[in-house]
Amino acid sequence: MAEHSFSDQILQQVDTATDAIRNISDISDIDIATAPRDTVWEDGKVKLFHFRRDDKPKAKTPVLIVYALVNRWEMMDLQPNRSFVRKLVSEGMDVYVIDWGYASRLDRYKTMEDYILGNVGDCVDFIRRKHKLPSINLLGVCQGGTFSVIYSALFPEKVKNLATLVTPVDFDNKQGLLFKWAKDLDVDAMVDGFGGVIPGEFLNTGFDLLKPMNKTRKYLSLPDTLREKDKLMNFLRMEKWVADSPDQAGETYRQFIKDFYQKNLLIKGEFELGGRKVDLKKITMPVLTIFAKDDHIVPPDTTKPLNEKVGSKDKELLEFPGGHIGVFVGGRSQSLLTPAVASWYIHRDA
Amino acid sequence: MKKGIDEMLENQKKAFESWKDWTDKWMRTMPGMTPPATGKDFFVPWMDMQRKWWDEAMKAGNVKAATEQMPPQWKDWMDMQTQASEKWMEFYRDQAKQFGASGPGFSSFTGTPFSDMGAKQWQNWMEESNKWIKENILDKIPNNMKPHYQNFTVLYDEMAKFWEPFQQLIQFGSFSKSTTDQFFSPEAYRRIVGLFLGFKPVENVAKMVEDVNTFFEDYIISLQKMTPGTHNFTDSWVRFFRDWGRQSGHPGLQAVAEITHMVEKGVNSFYHVAGPSEELAMAKLVKDIQFAYTGFLLKSSELQQVLMDAGQFALPDTIKAYADEFQKTKKLPNYSEFFNRYANHLEDYLLEVLESDEYSVLQADVSKSGIAVKAKMDELVEMTFHDMPFLMKSFADEVARENTSLRRKIRELETRLYAIESAFTGGSAMPKEETPKTAAPRKASNGKKTTTK
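Thresholds applied
Residues numbered from 1 in each chain as written. Chains lettered and ligands numbered in written order. Predicted model: local features only at pLDDT ≥ 70, side-chain atom pairs only at ≥ 80, totals over all residues. Helix = DSSP H or I, 4+ residues; strand = E, 2+ residues; numbered from the N terminus. Rg over C-alpha atoms; globule rule 2.2 N^0.38 Å. Buried ≥ 20, exposed ≤ 12 C-beta atoms within 10 Å, placed from the backbone. Contact = placed C-beta atoms within 7 Å. Axes fitted to C-alpha atoms, helices over the stretch in contact; angles between N-to-C directions. Parallel < 35°, antiparallel > 145°, perpendicular 65-115°, else oblique. Left-handed = near helix turned anticlockwise from the far one by under 90°. Nonpolar A, V, L, I, M, F, W, Y, C, P; charged D, E, K, R; others polar. Core = buried A, V, L, I, M, F, W, Y, C linked by C-beta atoms within 7 Å. Domains from an automatic or database assignment. pLDDT = per-residue confidence, 0-100.

What follows concerns the overall build of chain A. Broken down by element type, chain A carries 16 helices and 14 strands. Computed over the C-alpha atoms, the radius of gyration of chain A is 21 Å, within 12% of the 20 Å expected from 2.2 N^0.38 for a compact globule of 350 residues. Projected onto its principal axes, the C-alpha positions of chain A cover 75 × 50 × 35 Å. Expressed as a percentage of its 350 residues, the buried residues of chain A come to 53%. Sequence separation of at least 24 residues holds for 79% of the intrachain contacts in chain A that already meet a minimum separation of 6.

What follows is the structure, given as structure tokens:
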């Protein structure tokens with residue numbers, strides 16, 4: 001039997017090596033975010049993309065996706081068969097997404113006010129104007145969801161329906177390590193010491209530590225990954241996305257950590273932006289709050305309270321069975337979540 | 001070329017079949033013995049594999065391209081086939097010896113003399129293939145992910161060096177920490193865990209502090225050479241730190257940290273009496289960097305120590321888990337399974353620490369002290385090159401401030417304009433069609449909208 005095991009192992013290795021070499025040799029480009037789109041508005045580094053569609057959308061009200069400043073929106077369109085954006089389009093939505101670009105030292109004094117009242121506000125106004133609509137749909141993702149919540153509270157008349165994906169609003173949380181660690185962080189020392197811009201690599205190091213062996217497991221499964229071209233491409237696309245971690249504008253980072261992670265002002269109703277208090281009760285439009293059951297980056301308890309705090313009568317909590325990233329790229333995201341989100345908007349489009 | 005490899009395979013097959021016939025005949029002469037199926041089972045897929053390999057090479061279009069794209073060892077591939085067959089021949093010959101028979105050598109079938117090559121050649125081939133795959137995967141992943149991947153490959157190979165003793169420990173059911181420590185020394189453990197977490201473990205804190213001091217002493221001497229006016233100061237400094245270095249061999253990190261702090265205070269008073277000059281200001285900054293760096297290293301060592309302590313039972317636990325299974329199944333895991341399980345055990349232990357309040361505070365301290373070093377280094381660079389025609393960070397800072405301020409002013413003006421328009425239209429004004437910072441869709445050279453596909 002031992003000989004059998006040995007020969008089996010050898011054959012397996014040869015097979016793996018052959019497949020791996022073939023698959024690696026075949027790769028020319030590792031492309032992500034390939035859904036056809038037009039750049040319809042830009043202001044400095046910030047761009048607004050409009051995704052093309054061949055037919056009329058089922059919902060006349062378009063949806064604007066507001067992604068986080070951390071990492072890039074391309075996760076929403078990682079590859080054709082794992083694309084939140086493509087799926088939304090195919091389900092009948094007219095889709096826009098904000099590309100924040102890459103913050104540099106020139107953006108060190110850019111604040112949340114600039115991002116939310118400035119960039120988000122400008123994009124919302126652009127789309128309203130283009131479609132001649134008083135209000136549009138918002139879809140906020142993670143930190144972008146927090147921005148969307150704030151915007152919706154300040155300008156409820158401009159937001160028809162608000163959906164949030166894995167969006168933190170209650171930052172007093174013991175489950176999430178990021179929430180715990182951020183409380184002890186001397187954010188002034190970090191922002192000033194880094195020269196006003198927090199490197200993306202610094203953030204990635206923090207994310208890695210949440211599950212310290214994730215990288216090891218990822219590379220350990222490489223032999224299997226290499227045997228299948230699709231798996232290999234998934235792996236390489238994900239590597240590309242993870243590696244593409246923009247730096248953070250220091251003042252925004254400082255404010256986000258202090259006001260939210262450390263003081264939890266948003267959920268307490270004490271957060272102010274541009275001299276105006278952000279009252280979540282002012283959010284009266286329909287709200288869909290989506291959380292991921294096994295999210296270790298933004299645990300469910302940080303997202304679910306939004307549903308209780310908003311003033312909306314039409315509100316819904318939706319649990320996604322998976323983790324933070326699975327919400328965008330998992331099989332269930334394509335088959336269940338995205339159609340459900342599209343359907344939610346379409347039913348409220350009248 | 002394809003004809004060539006087909007011929008080679010065909011000849012090899014003939015040789016192998018002759019040899020197998022002989023084995024079958026020989027086995028039948030042994031009462032009660034059944035010829036093992038291993039040879040056939042091995043050889044048929046082996047042949048298919050070789051063809052597959054060759055076909056893939058040919059997909060590249062021509063032999064030259066194939067050679068460029070395939071691993072360099074592909075040229076040795078044909079030799080490897082024969083060597084692998086030889087290995088199997090040896091196996092059968094060994095079996096035969098157990099029954100008092102002696103089989104013919106492989107050369108009887110091929111007419112080729114073979115030396116004692118065994119599994120080594122095979123192993124070499126696999127290693128070369130793996131190397132090629134590693135390198136080519138590395139080419140495809142983003143630059144800032146490469147160190148992680150390289151780190152993993154080093155880690156995996158390093159740990160493999162201990163795989164043989166680990167197997168023995170599993171078989172013997174020896175999993176106490178003292179036993180595992182004999183095979184997997186604390187130094188080896190530190191190195192492995194350091195690789196897992198991506199940091200370089202500090203072996204000897206006192207020596208590290210001494211090295212840092214030596215480095216800064218050398219630095220300040222070179223500074224003195226450039227700025228002769230600081231002679232007295234640098235002499236005093238070097239003396240001061242040599243004296244301190246002799247005292248700094250205290251075992252506890254806390255003690256070293258306290259000494260550092262005391263010395264820093266002492267040196268500060270020295271600076272207070274010295275007169276202001278650019279050289280002195282730079283020297284003072286270097287001194288600050290020295291202390292900040294030492295402080296960072298000490299904090300960092302403390303953090304490492306906490307993590308190292310946390311994970312030390314992961315190996316005994318892993319070996320125990322497999323030893324228990326071995327008692328029931330008599331089956332050993334393969335190295336990859338073992339490695340994965342060890343990583344999982346290690347993660348469980350590390351997370352216990354990562355979730356603690358103490359770790360959170362310590363990590364924040366390490367980050368803060370690390371950033372402090374960087375900030376002071378930036379300051380020193382700026383001070384050193386202040387009269388050069390470079391745009392320094394502090395100037396760029398002014399530009400950034402001005403830039404943000406202008407953007408805000410534009411936004412305020414837009415808001416006011418919108419309010420005025422709304423007043424004229426009875427509050428129904430849509431946002432303004434064109435604004436100073438709202439660009440129309442860019443036109444590409446073909447006159448169409450900018451498009452990304």
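Turning to the packing of helix H15 (residues 314-329) of chain B against helix H16 (residues 335-354) of chain B, a few remarks are in order. Residue and element names in this part refer to chain B. Relative orientation of the contacting elements H15 and H16 amounts to 135°, with a least axis distance of 9 Å. Between H15 and H16, the crossing angle belongs to the class labelled oblique. Here H15 runs over H16; the crossing is right-handed. On H16, the residues that touch Ala314, Leu315, Asp317, Thr318, Ala321 and Tyr322 of H15 are Phe338, Arg341, Tyr342, His345, Leu346 and Tyr349. Class assignment for the residues of the contact of H15 with H16 results in eight nonpolar, two polar and two charged.

Of all hydrophobic cores here, the largest spans 153 residues; its most connected members are A:Leu64, A:Ile65, A:Val95 and A:Val97. If one sorts the elements of this core by residue count, helix H3 (residues 112-131) of chain A sits on top with nine residues. Shared between two domains, this core holds at least three residues of each, these being domain 1 (2-111 + 119-139) and domain 2 (205-310 + 356-384) of chain B. Look past the residues within four positions of A:Leu64 in its chain and what remains in contact with it is A:Tyr96, A:Cys123, A:Val124, A:Ile127, A:Ile136, A:Asn137, A:Leu138 and A:Leu139.

The subject of this paragraph is the environment of A:Ala249. Residues and elements named next belong to chain A. Structurally, the position occupied by Ala249 is in strand S10 (residues 248-249). Accessibility expressed as a C-beta count within 10 Å gives 30 for Ala249, which makes it buried. Distance in space between the C-alpha atoms of Ala249 and Val169 is 21 Å, their sequence separation being 80 residues. The contact partners of Ala249, leaving out residues within four places of it in the chain, are Ala103, Asp107, Arg108, Lys110 and Val197.

In this section: the confidence of the model for chain B. All names here are of chain B. Per-residue confidence for chain B gives a mean pLDDT of 69, with 50% of residues at or over 70. A low-confidence stretch, residues 72-76 (pLDDT under 50), is modelled with five contacts involving residues beyond four sequence positions or located in other chains. Residue range residues 246-251 is modelled with pLDDT below 50. Its contacts to residues more than four positions away, or to other chains, number 10 contacts. With a pTM of 0.77, the predicted complex shows an ipTM of 0.88.

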